Structure formats: C-alpha cells, structure tokens
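# Tertiary structure, described
So the chains spell out like this:
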Amino acid sequence: MSAIAAPPPAWAQYPDHPIRVVLPYAPGAAGDIAFRQIQPLLEKRLGQPVVLDYKTGAGGNIGAQEVARAKPDGYTLVLGAANNFVINPFLYRKLGFDPLADLVPVGKLADVPAFIYLSTQVPASDYAQFAQYAREQAGKLNYGSPGMGTTPHLSGYRLSKAMGANMTHIAYRGSAPGVQALIANEIQLYIGGYSIGAAYMPQRKVRALAVAAPQRFAGLPDVPTAAEIGMPDVVRGNWWGFAAPKDTPADRVSRFAGALHDALSQPQVRQAYLANGFVPGQDTPAEFGAIWREEARQWQSVVRESGVVLDN
C-alpha cells in the first residue's frame, strides 16, 4: 500500500509545459536542419511542444550564455556546436561564463563528418600529391573556414602545419561563400560537411580528398577516410548537441535524453540524416560528458598553439 500511495517520480510530471531550445546561430545552420527533422518526434515522446529560439552572435556565445544563466528546471536547453562547448572557453578572452562548468551535457544530436575539399585547379588527386604540392608552394596557398576559431579553421591550421605548407587562413561568413571561393580557386582547401560540397562534385567543381571519420560516409562511398590515405589525425568533424544549465535535475536530463535517443533511432531519421551528411548521435549524458572533457583537453592545446585569441 505504501508503494501505491507514494508520489510518482519527478520525471512523470516533466515536462508539463513547452520546452525552449536555444540555437545560438542563424536559421539554416546544420544543427537547425538536424533538429527540425526530429522535432515532431521529440514533441510526441515528451508530450509537449519543443520550441526553437534563435539567439545569434559572438560565435554562439550569446545564446549559450543565456542558457547557462537560465533557471535549471529542464525547460531551457541550448543546441550548440562543438566549438560552443569545448573550443570557445579557450578561444575567447572575455567569454563571461564557462560552458564546461556552467552547462551539463544532455545528448549529442548529430556528428557532421568533415570532408577535405580541394579546388579542382589544384594539381593533386590524392593526399600524397597534395601534401607535396602544398610543401612546394609553402606560404602561397589559402584555406578557408566559416569563421575564426571554428572546428574547420583549427583543423585546417593543424593540417597545414602537418604538411609544412604554411597556408593562409581566410574566414568567410558561413560555408556557402567559402565553397564559392573554393570553386573560384581563391582558396585551395576547405573543410566542411557533406552537404556543402557534394552537389558540386558531379560537376567537377570541387574534389573531395578524404573524410575525417572512422569509416567512409555512405553518401560518398568512393571518398576514402583520412586514415586510409595516410593523412595525419589532425582534422576533426563537427558535432551538435544539447546542454542544460548546471544543477538541472538529473531525472529531467535523463527524460529529455531518452526521448532524443528514441527519436534518433528511427529509420526515417537515419535516412534523412544520411541525405544531409549527418550521423545520428546515440550518446548517453555521461558518454556525451566524457566527449566534452576529452575534446576540451585536445582543443585547449590546439588553440594555445595556434595563438588565436578573440574578444567576445
């Protein structure tokens, strides 16, 4: 009788009103696209609307900071990219908060494997040829990224250093202008996701040298992995994930994470993600937290070595 009379667990009442997910970038970002594809499934499993709120600026820091300072009740989360959690703490001089201390990991939405794209005007068809060409042209080649301090920027820096190429970094306002610059040969290398370059490959406007992922990507099965072609392990893909304010009750984190895991397991989601160059996340909050800690340690070293420091 005491078991029957006991109040239901806290997660049984959560959520009882809409959940707000802050996306710290403009509409159309990879995380936006990936979220929209599971939004109805999440809402069905949680029994409440999950509302997306765009809060842009300062490399995603404005939106992430708003969530870090929000009430820790499970009704405000941030959907950020890898740099928001494990790079920006070391990149920005005046961040104003510490993502690693002020946010708790909930779950990964998607991995975005990094493709290394070359201009077709570069006389190289594989990594060995490109590395040799880049060394011979040391200081003369350019690589692009969607912004200072992003994963593609720092990956490009590491690859250039590994090749002894001393390539010049050029930051663009997003991936689209960066790819156009690659097509025009204003830059010779660009690191980004499947969707930004795949449409141009059949037209031979860009060439995919490799994909930095444990295995070949099903959407471009002829593109080898970086390991297969002997490329140094310096290029990293991006990922998108959910986090909540610190002190958010663990059962509420678990409830949202469970709904997320279930939604990402659906076959139609996997097919939709494949078409956009995403790999669905399947991490528990604890596993996602372990990824944060390990990658933060690695990126801290890279940022320090690169000498890049930004003001918020």
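Note that the structure is a prediction, hence the values are computed from the model and not measured.

This part covers the pattern of salt bridges. Under the definition given, this model contains 9 salt bridges. Arg 20 is the partner of Asp 53 in a salt bridge, and the nearest nitrogen-oxygen pair spans 2.6 Å. Here Arg 20 lies in strand E1 (residues 19-23) and Asp 53 lies in strand E2 (residues 50-54), a separation of 33 residues in the sequence. Exposure remark for Arg 20: the relative accessible area of 25% places this residue in the partly exposed category. Arg 45 is the partner of Asp 262 in a salt bridge, and the nearest nitrogen-oxygen pair spans 2.5 Å. Note that Asp 262 is positioned in helix H12 (residues 250-264) and Arg 45 in helix H3 (residues 39-46), a separation of 217 residues in sequence.

In the predicted model, the protein chain carries a mean pLDDT of 93, and the fraction of residues at 70 or more is 96%. Across residues 1-8, confidence stays below pLDDT 50; counting only partners more than four residues off in sequence or on other chains, it has 1 contact.

Okay, the sheet that holds strand E4 (residues 103-112) next. In spatial order, the strands read E2-E1-E3-E10-E4-E11; together these 6 strands make up an open sheet with mixed pairing. This sheet does not close on itself; its edge strands, each paired only once, are E2 and strand E11 (279-280). As paired strands, E1 and E2 are joined by 5 bridges and run parallel to one another. When the sheet's bridge partners are listed, Val 21 is paired in E2 with Leu 52. On top of the sheet, helix H14 (residues 285-306) reaches E4 and strand E10 (238-245); it is set at about 85° to E4, its chief contact.

This paragraph deals with the packing of aromatic side chains. Per the stated rule, a full pass over the model turns up 13 aromatic pairs. Consider the rings of Phe 288 and Trp 292, whose centres lie 5.7 Å apart with planes at 70°: the pair is edge-to-face. Here Phe 288 and its partner Trp 292 are both found in helix H14, 4 residues apart, which amounts to about one turn of the helix. Of the two residues examined, Phe 288 and Trp 292, each falls in the buried class.

Attention now moves to the nonpolar core. Membership of the largest hydrophobic core comes to 34 residues, with the highest contact counts inside it found for Ile 38, Leu 42, Leu 109, Phe 242, Phe 256 and Tyr 273. The leading source of residues in this core is H12, at 7 residues. Among all residues touching Leu 42, those that are not within four sequence positions of it are Phe 35, Val 50, Phe 256, Ala 259, Leu 260 and Ala 263. One finds Phe 85, Tyr 92, Phe 97 and Val 308 within the second-largest nonpolar core, a separate group that totals 26 residues.

Rules and cut-offs
- Residues numbered from 1 in each chain as written.
- Predicted model: local features only at pLDDT ≥ 70, side-chain atom pairs only at ≥ 80, totals over all residues.
- Heavy atoms only, no water.
- Salt bridge = Lys/Arg side-chain N within 4 Å of Asp/Glu carboxyl O.
- Helix = DSSP H or I, 4+ residues; strand = E, 2+ residues; numbered from the N terminus.
- Buried < 20%, exposed > 50% of the residue type's maximum accessible area, 1.4 Å probe, protein only.
- pLDDT = per-residue confidence, 0-100.
- Contact = heavy atoms within 4.5 Å.
- Pairing = 2+ DSSP bridges.
- Axes fitted to C-alpha atoms, helices over the stretch in contact; angles between N-to-C directions.
- Phe/Tyr/Trp six-rings, centres within 6.5 Å; stacked < 30°, edge-to-face > 60°.
- Core = buried A, V, L, I, M, F, W, Y, C linked by side-chain atoms within 4.5 Å.

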